[in-house]
Amino acid sequence: LDEGIVETPYGGIGRYENLALNSEAFNSWSAEAIWTVTADNTLAPDGQTTAERIVHGTTGNPYLYEFVNKSGIAGSTYTFSVWLKGSAGGESIRIQIESRSAGGAVLETGTSDITLTTSWQRFSVPKTFTSPASDTAVKFLIGLYSINSAAYTAYVWGGQLEQSSVPGVYVKTT
């Protein structure tokens, strides 16, 4: 570790930042009724048994998310990234990043709809926010939204939020 540079097999060499809390503990994120999260259920990309199993039911609200409070985001680009894999392959999921006002109203949203394979892949969604600088919260989340209503099982690891247009080196947070 030297002046913001770190070398790992999970993002390469370069800058590092993670504004997300509990980046490997999705069971501590807010899970709406459609999700069941089982902690430390399978091998993660780093070879440790720290990846979560996420089971998507057929009814309920679609989000598994965490709030990160950040002020003055107007004109800034943030990227949410996460490692995902399906249990069978072909599972559809959306990753999403939102800005919300201090009162909770959704201001702007960036999304990426993806289809999972049975191999770990890192997915990301960047968003340049144009909302007024007084907006005080960035909400980032992963979840299913209007893709399908099928039940499925997938695995998740390494959630990361950073002020950048591309994902950097993965940094674990607690």
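For clarity, every value in this text was computed on a predicted model and none was experimentally measured.

What counts, and where the lines are drawn
Residues numbered from 1 in each chain as written. Predicted model: local features only at pLDDT ≥ 70, side-chain atom pairs only at ≥ 80, totals over all residues. Heavy atoms only, no water. Helix = DSSP H or I, 4+ residues; strand = E, 2+ residues; numbered from the N terminus. Buried < 20%, exposed > 50% of the residue type's maximum accessible area, 1.4 Å probe, protein only. Contact = heavy atoms within 4.5 Å. Core = buried A, V, L, I, M, F, W, Y, C linked by side-chain atoms within 4.5 Å. Salt bridge = Lys/Arg side-chain N within 4 Å of Asp/Glu carboxyl O. Polar contact = N/O pair within 3.5 Å; in protein donor to acceptor, adjacent residues only side chain to side chain. pLDDT = per-residue confidence, 0-100.

Once that is clear, we can look at unusual backbone geometry. Of note in the backbone geometry, Asn-22 takes a positive phi value of approximately 55° without being a glycine. By the secondary structure assignment, Asn-22 is in the loop between β2 (12–14) and β3 (30–31). Exposure remark for Asn-22: the relative accessible area of 24% places this residue in the partly exposed category. Although it is not a glycine, Asp-40 adopts a positive phi angle of roughly 45°. The residue Asp-40 is located in strand β4 (residues 35–42) in this model. In this structure Asp-40 comes out as partly exposed when scored by relative accessible area, which is 45%.

Right, let's get into the environment of Ala-51. For Ala-51, the position within the fold is in strand β5 (residues 51–56). The exposure class of Ala-51 is buried, given its relative accessible area of 0%. Each C-alpha atom, one on Ala-51 and one on Asp-40, is 5.1 Å from the other, the two residues being 11 residues apart in sequence. If sequence neighbours within four positions are ignored, Ala-51 has contacts with Ala-39, Asp-40, Asn-41, Thr-42, Leu-43, Ala-44, Trp-120, Val-156 and Trp-157.

To continue, consider the environment of Ala-151. With respect to the helices and strands, Ala-151 occurs in the loop between β11 (137–143) and β12 (152–162). Sequence separation between Ala-151 and Gly-57 is 94 residues; the distance between their C-alpha atoms is 4.7 Å.

One finds Ile-54, Phe-80, Leu-84, Ile-93 and Ile-95 to be the most contacted residues of the largest nonpolar core, which totals 26 residues. Leave out the neighbours within four places in its chain, and Leu-84 touches Ile-93, Ile-95, Ile-114, Leu-116, Ser-119, Trp-120, Gln-121, Phe-123, Tyr-155 and Val-156. Within the second largest apolar cluster, 5 residues are counted, among which are Ala-44, Ala-51, Trp-83 and Trp-157.

Attention now goes to the pattern of salt bridges. The final tally for this structure, using the stated rule, is 4 salt bridges. For Lys-127, the salt bridge identified is with Glu-108, shortest N-O distance 3.8 Å. Here Lys-127 is found in strand β10 (residues 121–128), whereas its partner Glu-108 is found in strand β9 (residues 106–115), with 19 residues between them in sequence.

Moving on, we come to the side chain of Glu-66. Along the chain, Glu-66 falls in strand β6 (residues 63–69). Within the structure, the side chain of Glu-66 is placed 3.0 Å from the backbone nitrogen of Leu-21, a separation counted as a polar contact.

Another aspect to go through is the confidence of the model for the protein chain. Predicted coordinates in regions of low pLDDT should not be interpreted in detail. Chain-level pLDDT for the protein chain is 83 on average; 83% of the residues reach the 70-or-more range. Per-element confidence in the protein chain ranges from a low mean pLDDT of 53 for strand β1 (residues 6–8) to a high of 95 for β10.

The residue Gln-96 is located in strand β8 (residues 92–100) in this model. The exposure class of Gln-96 is buried, given its relative accessible area of 3%. A polar atom in the side chain of Gln-96 sits 2.7 Å from the side chain of Glu-98.

Here Arg-100 is to be found in strand β8. According to the relative accessible area criterion, Arg-100 is buried, its value standing at 15%. Here the side chain of Arg-100 touches Glu-98 through a polar contact of 2.9 Å, side chain to side chain.

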